[in-house]
Amino acid sequence: MTDAIRITRTSRRKERPRDQDLAFGTVFTDHMFVADFQEEKGWYDPRVEPYAPLALDPATAVLHYGQSLFEGLKAFRGKDGRIRLFRPQKHVERLNRTARRMCIPAIDPDLILRSWTTLVDVDRDWVPSAVGTSLYIRPTVIASEPFLGVRPAKEYLYYVILSPVGPYYPEGLAPTRIKVIDQYVRAVAGGLGEAKTSANYAASLYAAEEAKHEGFTQVLWLDGVHHKYVEEVGTSNFMLKIGDEVITPPLHGTILAGVTRDSALVLMREWGLRVSERQITIDEVIEAAHRGTLQEAWATGTAAVISPVGELAYKGERIVVHGGKIGELSQRLYDTIVGIQYGAAPDPHHWTVLVE
Ligand code: COI
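Residues numbered from 1 in each chain as written. Predicted model: local features only at pLDDT ≥ 70, side-chain atom pairs only at ≥ 80, totals over all residues. Heavy atoms only, no water.

**Q** Can you walk me through the packing of aromatic side chains in this structure?
**A** By convention here, two paired aromatic rings are described through the distance between centres and the angle between planes. Inspection of the entire model under this criterion finds 11 aromatic pairs. A ring pair is formed by Phe-24 and Tyr-168, whose centres lie 4.8 Å apart and whose planes are at 85°; its orientation type is edge-to-face. With Phe-24 in the loop between strand S1 (6-7) and strand S2 (31-38) and Tyr-168 in the loop between strand S8 (155-165) and strand S9 (176-181), the pair connects residues that are 144 residues apart, well separated along the chain. Taken together, the ring pairs connect Phe-33, Phe-37, Trp-43, Tyr-156 and Tyr-158 into an aromatic cluster. (Phe/Tyr/Trp six-rings, centres within 6.5 Å; stacked < 30°, edge-to-face > 60°. Helix = DSSP H or I, 4+ residues; strand = E, 2+ residues; numbered from the N terminus.)

**Q** Explanation requested: the environment of Ile-161 in the structure shown.
**A** On the secondary structure map, Ile-161 appears in strand S8. Residues Ile-161 and Ile-137, spaced 24 residues apart in sequence, show a C-alpha to C-alpha distance of 6.1 Å. If we ignore the near neighbours within four places in the chain, the residues touching Ile-161 are Phe-28, Met-32, Tyr-51, Tyr-136, Ile-137 and Arg-138. (Contact = heavy atoms within 4.5 Å.)

**Q** Looking at this model, I keep getting lost on the nonpolar core. Mind explaining?
**A** Inside soluble globular proteins, nonpolar side chains tend to come together where they are buried. Ranked by size, the top nonpolar core spans 44 residues in total, and within it Phe-33, Trp-116, Val-120, Ile-137 and Tyr-158 carry the most contacts. Each residue touching Phe-33, except ones within four places of it in the same chain, is listed here: Ile-5, Pro-46, Arg-47, Val-48, Leu-111, Ser-115, Leu-119, Tyr-158, Tyr-159 and Val-160. Counting residues in each nonpolar core, the second largest holds 23 residues, with Leu-220, Val-230, Phe-238 and Ile-247 among its members. (Core = buried A, V, L, I, M, F, W, Y, C linked by side-chain atoms within 4.5 Å. Buried < 20%, exposed > 50% of the residue type's maximum accessible area, 1.4 Å probe, protein only.)

**Q** Would you take a moment to explain the domain arrangement of the protein chain for this structure?
**A** Quite often, the size of an interface is put as the accessible area lost when its parts meet. Each assigned domain of the protein chain is listed with its residue range as follows: domain 1 (6-165) and domain 2 (176-336). Measuring from the centre of the C-alpha atoms in domain 1 to the corresponding centre in domain 2 gives 28 Å. Taken together, the contact pairs 19 residues of domain 1 with 17 residues of domain 2. Interface area lost by domain 1 to domain 2 is led by Phe-70, Arg-94 and Arg-101, which between them contribute 37%. Where domain 1 touches domain 2, the interface holds 1 salt bridge. The shortest N-O distance in the salt bridge between Asp-262 and Arg-87 comes to 2.8 Å. Joining domain 1 to domain 2, the criterion identifies 11 residue pairs in polar contact (both at pLDDT 80 or more). When residues of the side of domain 1 that touches domain 2 are traced back to their parent elements, those giving at least two are strand S4 (68-70), strand S5 (73-77) and helix H2 (88-101). Per element, the largest residue contribution to the side of domain 1 that touches domain 2 is 6 residues, and it comes from H2. Here the side of domain 1 that touches domain 2 is composed, by residue class, of 7 nonpolar, 5 polar and 7 charged. (Domains from an automatic or database assignment. Buried area = accessible area lost by both parts, 1.4 Å probe. Salt bridge = Lys/Arg side-chain N within 4 Å of Asp/Glu carboxyl O. Polar contact = N/O pair within 3.5 Å; in protein donor to acceptor, adjacent residues only side chain to side chain. Nonpolar A, V, L, I, M, F, W, Y, C, P; charged D, E, K, R; others polar.)

As structure tokens, then:
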């Protein structure tokens, strides 16, 4: 589909929050992007229209069987006033990878990118400017056919909404307290773990709630078969430094291929660090902590950026990481990535795309 995107502007603009009041994902902008899919037509009628509730038949397939996908990326306003998307191509590719796994028809990559740049341009006044704030872009595809049989739907809705956001965790860059989960599992090899689809997040809620009631910020998932290999932290990828080795679990199908994960790996390899994408057991992590070689741990994600881990709790034992403070490498990664995102540092990999 190469259609032009039709734009209908709202006549009732909302009040915008102040940058310092922004939390994560609570406020939405004036417009949304929408396109439809029908088997006979393919994806059609791409448009920007006033933000409004969706009218869905109660039989709509996504409401019953969860056939859906979403993405999450950000637009940043730099000190120069220009607006940049961070690595949108990676998100386009991942969106269509998830679509394939979820039996959702692929969307033309050029249309996906234009849906983001056009919508952000229409709502450009909503992009906040304080460092640590951004405009979160949430593309979503849902099976919109009203039908109760279990098969891929024949109709879909692709929509994009925007939310001006502050830090994902209310504590900002402060180190998080993480509970290692050995009783529930999030994903198994061959399942949906690497797809950005609602089912993975539904699967994570129960353990995350239990952990929150116990005073933890997030959970660290272990693999679904042996319950011993470290996988990912709640909504983010997990990395740690033991001695001079930086370790992160490999992309074997059970964890999300994070864009911030990839960015951090590229940077650390350029900095000459020894970086391993390898399996690591929770016992190896605990032993390293006991030996004093566990130097730092952190999570990476679009929403969370770089989120240092200050404490890990496993089987009743509490391990304090880096004295409960942010480590040098986590801080360097945060500063470098944020510098590129806001256009304050050179962008040698061309990770940012201007919205002009
Ligand atoms: C992201 O980091 O963009 C996510 O999608 C995580 C979460 C808010 C679901």
